[in-house]
Amino acid sequence: MEISNFILAFGLGFLWHGLQIFWVAGLPRQLKKTKPENGEVDSQRSFMLFWLDQYSWIGLIIIVIGILSLIRGLI
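Only a predicted model underlies this, so the values are computations on that prediction, with no experimental measurement involved.

Participant: Would you mind showing me how to read the overall build of the protein chain here?
Facilitator: Scanning the protein chain from N- to C-terminus turns up two helices and zero strands. Out of the 75 residues in the protein chain, the part that is buried amounts to 25%. When the accessible surface of the protein chain is split by element, carbon and sulfur atoms take 71% of a total near 5,900 Å².

Okay, here's the thing in structure tokens:
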């Protein structure tokens, strides 16, 4: 099996996982056009919003890695 097949499988796996995260978390608040919701009043809400943003960024990064791996595997 060629290395490009492994890269394609790797890219598809990353893309699938990233899309699942994106489906759950959506876009990070920093990339939305609306004013980001602020959780300053409640520390528990602030903590939740922070981790949801982190989860969203991780999903986007994994999607980008998957797309780049697919491109690299096809070339």
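What follows continues from the structure just given.
Participant: It is not clear to me how the packing of aromatic side chains should be interpreted in this structure. Could you clarify?
Facilitator: Per the stated rule, a full pass over the model turns up three aromatic pairs. Between F10 and F14, the ring centres sit 4.5 Å apart and the planes meet at 40°, which makes this aromatic pair tilted. Here F10 pairs with F14, and both are found in helix α1 (residues 3-25), just four residues apart, close to one helical turn. We classify F10 as partly exposed; its relative accessible area is 44%. Note on F50 and W51: the rings are 5.0 Å apart at their centroids and 75° apart in plane angle, and the pair reads as edge-to-face.

Participant: Could you clarify how one ought to interpret a nonpolar patch on the surface in this entry?
Facilitator: Taken together, the side chains of F10, F22, L27, L31, W57, I61 and I65 define a hydrophobic patch exposed on the protein surface, amounting to about 590 Å² of accessible area. Contributions of two or more residues to the nonpolar patch are made by α1 and α2 (43-74). Residue contributions to the nonpolar patch peak at three residues, all from α2.

Participant: Whenever I open this one, the side chain of S69 confuses me. Can you help?
Facilitator: Turning to its location among the elements, S69 is positioned in helix α2. Contacts of S69, omitting those with residues within four sequence positions, involve I7, F10 and G11.

Rules used in this analysis
- Residues numbered from 1 in each chain as written.
- Predicted model: local features only at pLDDT ≥ 70, side-chain atom pairs only at ≥ 80, totals over all residues.
- Heavy atoms only, no water.
- Helix = DSSP H or I, 4+ residues; strand = E, 2+ residues; numbered from the N terminus.
- Buried < 20%, exposed > 50% of the residue type's maximum accessible area, 1.4 Å probe, protein only.
- Areas by Shrake-Rupley, 256 points an atom, 1.4 Å probe, with all protein chains shown as cover.
- Phe/Tyr/Trp six-rings, centres within 6.5 Å; stacked < 30°, edge-to-face > 60°.
- Patch = residues over 30% accessible without salt bridge, like charges linked within 9 Å, V, L, I, M, F, W, Y side chains within 5 Å.
- Salt bridge = Lys/Arg side-chain N within 4 Å of Asp/Glu carboxyl O.
- Contact = heavy atoms within 4.5 Å.

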